[in-house]
Amino acid sequence: QVQLVESGGGLVQAGGSLRLSCAAPVRHFIFTVIRWYRQAPGKEREMVATISNGAYTNYADSVKGRFTISRNKSANTIFLQMDSLKPEDTAIYLCQAVVSGRTFWGPGIQVTVSS
């Protein structure tokens with residue numbers, strides 16, 4: 001079982017920045033891929049950004065050029081730097097990890113962008 005803990009959410013004005021963290025407090029965290037998803041009220045869950053164990057990254061078109069996913073290998077933490085935030089980025093952001101063929105989710109964290 002892998003527990004994921006998200007942090008760094010909150011309220012920010014449009015144009016501002018937030019950095020989300022997804023931590024896996026385990027001794028040896030070897031994942032295949034980690035993804036950030038988001039879910040806004042009344043909308044489908046949307047994949048926002050992906051990072052593989054080989055550091056390949058991928059982004060949704062809606063966040064390209066504004067969001068950056070990265071990792072701190074020694075700290076078993078994945079980051080999502082979110083810049084130039086827009087009100088439509090408001091959602092619950094969830095971290096997903098695929099480890100040895102199994103999928104794990106964090107509880108999610110709220111991000112609210114005011115206009």
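Report on the accompanying structure. Bear in mind the structure is a predicted one, so any value in this text is a computation, not a measurement. (Residues numbered from 1 in each chain as written. Predicted model: local features only at pLDDT ≥ 70, side-chain atom pairs only at ≥ 80, totals over all residues. Heavy atoms only, no water.)

Digging into the environment of Gln1
Right, on to step 1. Looking at the element boundaries, Gln1 is found in the segment before strand S1 (5–7).
Right, on to step 2. Sequence-wise, Gln1 and Pro87 are 86 residues apart; in three dimensions their C-alpha atoms are separated by 35 Å.
Right, on to step 3. Those residues in contact with Gln1 that lie beyond four places of it in its chain are Arg102 and Phe104. (Helix = DSSP H or I, 4+ residues; strand = E, 2+ residues; numbered from the N terminus. Contact = heavy atoms within 4.5 Å.)

Observations concerning empty space enclosed by the protein
If a probe the size of a water molecule is rolled over the atoms, the empty space left behind becomes visible.
Right, on to step 1. Applying the stated rule across the entire model yields one cavity of 30 Å³ or more.
Right, on to step 2. One number sums up the size of the largest cavity: a volume of about 40 Å³.
Right, on to step 3. Here the residues of the lining of the largest cavity sort into three nonpolar, three polar and two charged. (1 Å grid on protein atoms, 1.4 Å probe; cavity = no way out; pocket = protein on both sides within 12 Å on 5 of 7 lines; lining within 4 Å. Points joined across faces, edges and corners; volume = space filled by probe spheres on them. Nonpolar A, V, L, I, M, F, W, Y, C, P; charged D, E, K, R; others polar.)

Comments concerning the nonpolar core
Generally speaking, nonpolar side chains in soluble globular proteins are found buried as a group.
Right, on to step 1. Core analysis: the biggest nonpolar cluster contains 33 residues, and Leu4, Phe29, Trp36, Leu80, Met82 and Tyr93 have the highest contact counts within it.
Right, on to step 2. Within the residue set of this core, elements represented by two or more residues are strand S3 (18–23), strand S4 (33–39), strand S5 (46–52), strand S7 (67–72), strand S8 (77–82), strand S9 (91–99) and strand S11 (109–114).
Right, on to step 3. Among the elements that make up this core, the one with the highest residue count is S9 (five residues). (Core = buried A, V, L, I, M, F, W, Y, C linked by side-chain atoms within 4.5 Å. Buried < 20%, exposed > 50% of the residue type's maximum accessible area, 1.4 Å probe, protein only.)

Observations concerning the state of the cysteines
Right, on to step 1. Tallied over the entire structure, the rule returns one disulfide.
Right, on to step 2. Disulfide pairing places Cys22 opposite Cys95 at an S-S distance of 1.9 Å. Here the disulfide of Cys22 and Cys95 is left-handed, its torsion about the S-S bond being about -75°. With a gap of 73 residues between them, Cys22 in strand S3 and Cys95 in strand S9 connect regions that are remote in the sequence. You'll find Cys22 and Cys95 in the same group, each marked buried. (Disulfide = S-S within 2.5 Å.)

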